[in-house]
Each structure stands twice: as structure tokens, then as C-alpha cells.
Amino acid sequence: QVQLEESGGGLVQPGGSLRLSCAASGRIRSIYSMGWYRQAPGKQRELVALITSAGSTNYLDSLKGRFTISRDAAKNTVFLKMDSLNPEDTAAYLCEALITPTGAFKNIPYWGQGTQVTVSS
């Protein structure tokens, strides 16, 4: 099976930075995209950023350049560098990947368990 493992969350003060990592492992034929969603209590889950196998990226408009997504394709790993964090960024951050498993010929969404990011003084 395919598994996503996230790391890098934690408590940070306003203005600080964090880097999240998500590694996909298992029986993978190909990966179409990997990205990050976040969900805060009482709010709708929203896409933060994603990157496709072709290298194209998509960001939440309100981030205004504070976040940067990147990848290490050889390791099936995606990173999210978060700078100038503010309390509004507090949320559970979930890695999502659109993956075609070995033996299949269509993309299937996979989700990590989530990593908590808390921005507070």
C-alpha cells in the first residue's frame, strides 16, 4: 500500500518559520501531484499549496508569497517552507498526494495523518 508520512509541525512564535516534509512510500507507479492542505477548527479545509510532477505549483492566494513548496522527486518527498507565520496559520496540515499505485492506471488520492502547526506567543 501507499503511505504518506509527515513531519515538521510544532509550536512557533509569530514571525517564525517552519518546514514541513511529506514522504510517500510503498508500491508507487507514478505520482501526479503532492501538496498540503490545512484545516483549522471551525473552518473549511483548504488547499495551501501543491506541486505536480511537471513542476507546476499552485498556492492559496492569501499566503502572498510566505509559503514555498518544493520537492525531491527522487525521494518522493514534498516540502513546505513556511515563513512569517502568524496565528491565522494555526491549523492541522495534511499532506495529500495523487498517486497511481503499482498495477493500476489511474490516480488515487492518499492522505497523511496530519501534523499540527500552532503559531502563538
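Cut-offs and rules
- Residues numbered from 1 in each chain as written.
- Predicted model: local features only at pLDDT ≥ 70, side-chain atom pairs only at ≥ 80, totals over all residues.
- Heavy atoms only, no water.
- Core = buried A, V, L, I, M, F, W, Y, C linked by side-chain atoms within 4.5 Å.
- Buried < 20%, exposed > 50% of the residue type's maximum accessible area, 1.4 Å probe, protein only.
- Helix = DSSP H or I, 4+ residues; strand = E, 2+ residues; numbered from the N terminus.
- Contact = heavy atoms within 4.5 Å.
- Salt bridge = Lys/Arg side-chain N within 4 Å of Asp/Glu carboxyl O.

Undergrad: So what's going on with the nonpolar core? Residues and values would help.
TA: In terms of nonpolar packing, the biggest core is built from 31 residues, with Trp36, Leu80, Met82, Tyr93 and Ile99 touching the most fellow members. Breaking this core down by element, the ones donating at least two residues are β3 (18-25), β4 (28-39), β5 (46-52), β7 (67-72), β8 (77-82), β9 (91-101) and β11 (115-119). The biggest single contributor to this core is β9, with 5 residues. In this structure Ile99 touches Val2, Leu4, Ala24, Ile28, Ser30, Ile31, Lys106, Asn107, Ile108 and Tyr110, once residues within four positions along its chain are discounted.

Undergrad: Break down the environment of Ser70 for me, with residues and values.
TA: Considering the arrangement of structural elements, one finds Ser70 in strand β7. On the accessibility criterion, Ser70 (33% relative accessible area) is partly exposed. Sequence-wise, Ser70 and Gly35 are 35 residues apart; in three dimensions their C-alpha atoms are separated by 9.4 Å. For Ser70, the contacting residues outside a window of four places in its chain are Ile51, Thr77, Val78 and Phe79.

Undergrad: So, the pattern of salt bridges: which residues are in play, and what are the values?
TA: Scanning the model with the defined rule gives 4 salt bridges in all. Its salt-bridge partner being Glu46, residue Arg38 comes within 2.8 Å of it at the nearest N-O pair. Among the residues examined, Glu46 registers a relative accessible area of 29% and is labelled partly exposed. Salt-bridge contacts for Arg38 lead to Asp89; the nearest nitrogen and oxygen are separated by 3.0 Å. Of this pair, Arg38 sits in strand β4 while Asp89 sits in the loop between β8 and β9, placing them 51 residues apart in sequence.

Undergrad: I'd like a description of unusual backbone geometry, backed by residues and values.
TA: You will see that Asn76, though not glycine, has its phi angle at about 50°, which is positive. Assignment of secondary structure puts Asn76 in the loop between β7 and β8. A residue is classified by how much of its surface remains accessible, and Asn76, at 27% relative accessible area, is partly exposed. If you check the backbone angles, Ser84 has positive phi at about 50° while not being a glycine. Note on placement: Ser84 falls in the loop between β8 and β9.

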